[in-house]
Amino acid sequence: MLRETIDEALEGIGVTGSNVDLELKPVKEKEQHFIQLISAEDETTAFTYLRFGKKRGSTYRWFFETKTPVAGTLYWSDDQLVLNPSDRLIIRFNGTTTGDQLRANVQGFKKI
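Residues numbered from 1 in each chain as written. Predicted model: local features only at pLDDT ≥ 70, side-chain atom pairs only at ≥ 80, totals over all residues. Heavy atoms only, no water.

(A) Up close: the nonpolar core. Ile35, Leu50, Ile91, Phe93 and Val106 are the most contacted members of the largest nonpolar core, which has 22 residues in total. When residues of this core are traced back to their parent elements, those giving at least two are strand 1 (3-13), strand 2 (19-23), strand 3 (32-42), strand 4 (49-56), strand 7 (81-83), strand 8 (88-94) and strand 9 (101-111). If we ignore the near neighbours within four places in the chain, the residues touching Val106 are Ile6, Asp7, Glu8, Leu10, Leu24, Ile35, Leu37, Leu89 and Ile91. (Core = buried A, V, L, I, M, F, W, Y, C linked by side-chain atoms within 4.5 Å. Buried < 20%, exposed > 50% of the residue type's maximum accessible area, 1.4 Å probe, protein only. Helix = DSSP H or I, 4+ residues; strand = E, 2+ residues; numbered from the N terminus. Contact = heavy atoms within 4.5 Å.)

(B) A look at the sheet that holds strand 2. In spatial order, the strands read 2-8-4-5; together these 4 strands make up an open sheet with antiparallel pairing. Every interior strand has two partners, whereas the edge strands, strand 2 and strand 5 (59-67), have only one. The sheet shows a mean angle of 25° between the axes of neighbouring strands, direction not considered. (Pairing = 2+ DSSP bridges. Axes fitted to C-alpha atoms, helices over the stretch in contact; angles between N-to-C directions.)

(C) How the structure looks around the pattern of salt bridges. Counted under the stated rule, the structure contains 8 salt bridges. Residues Glu65 and Lys67 are paired through a salt bridge, measuring 3.0 Å at the closest nitrogen-oxygen approach. Given a relative accessible area of 59%, Lys67 falls into the exposed group. Several salt bridges converge on common partners, so that one network encompasses Glu11, Glu43 and Arg103. (Salt bridge = Lys/Arg side-chain N within 4 Å of Asp/Glu carboxyl O.)

(D) The side chain of Glu31, seen in detail. Within the element layout of this structure, Glu31 appears in the loop between strand 2 and strand 3. It is Lys110 that comes nearest to the buried, bridge-free Glu31 among opposite-charge side chains, at 4.6 Å. If sequence neighbours within four positions are ignored, Glu31 has contacts with Asn84, Pro85, Lys110, Lys111 and Ile112. (Lys, Arg positive; Asp, Glu negative; His and termini not counted.)

(E) Focus on the pairing of strand 4. With 6 of its 8 residues buried, strand 4 lies for the most part within the structure. Relative to strand 5, strand 4 runs antiparallel, the two being bridged by 8 bridges. Across the sheet, residue Leu50 finds its bridge partner in strand 5, namely Thr66. Hairpin connection from strand 4 to strand 5: 2 residues lie between these consecutive antiparallel strands, with Gly57 at a positive phi of about 65°. Bridge count between strand 4 and strand 8: 7 bridges; the pairing is antiparallel. When the bridges of strand 8 are listed, Arg51 appears paired with Arg92.

(F) Looking closely at the side chain of Asp100. Structurally, the position occupied by Asp100 is in the loop between strand 8 and strand 9. Side-chain polar atoms of Asp100 contact the side chain of Thr45, separated by 2.5 Å. (Polar contact = N/O pair within 3.5 Å; in protein donor to acceptor, adjacent residues only side chain to side chain.)

(G) The environment of Gly14, seen in detail. Looking at the secondary structure, you find Gly14 in the loop between strand 1 and strand 2. Not counting residues within four places of it along the chain, the set of residues in contact with Gly14 comprises Val20, Thr96, Thr97, Thr98, Gly99, Asp100 and Leu102.

(H) Region of the structure containing unusual backbone geometry. One non-glycine residue with positive phi stands out, namely Thr68, at about 55°. You can see Thr68 is positioned in the loop between strand 5 and strand 6 (75-77). A positive phi angle, near 80°, is found at Ser86, a position not held by glycine. Tracing the backbone shows Ser86 in the loop between strand 7 and strand 8. For Ser86, a relative accessible area of 38% translates into the label partly exposed.

Next up, the structure:
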């Protein structure tokens, strides 16, 4: 089995009244992704909540949540998350303001 590093930087823009999801592409068949560190921040303003989880089809499974995150503060989780084929990593910002600068970083590895 081959092992490749995952080191992704994701960016988005806040939208008042909407969830903003930053996400990785779905895991390919015959692959497995091991996410070891996720970090995220709204560089501009405080917001309602931040969640990390995975999505398969229309089903979400959240494993990290923090309420009322402060602007310009990095929130992170180093709990390992395993993504199987068709799973997609989701980083959800809720309660942002239009124009906010949203950033996230994801690190881990994939087995092919």
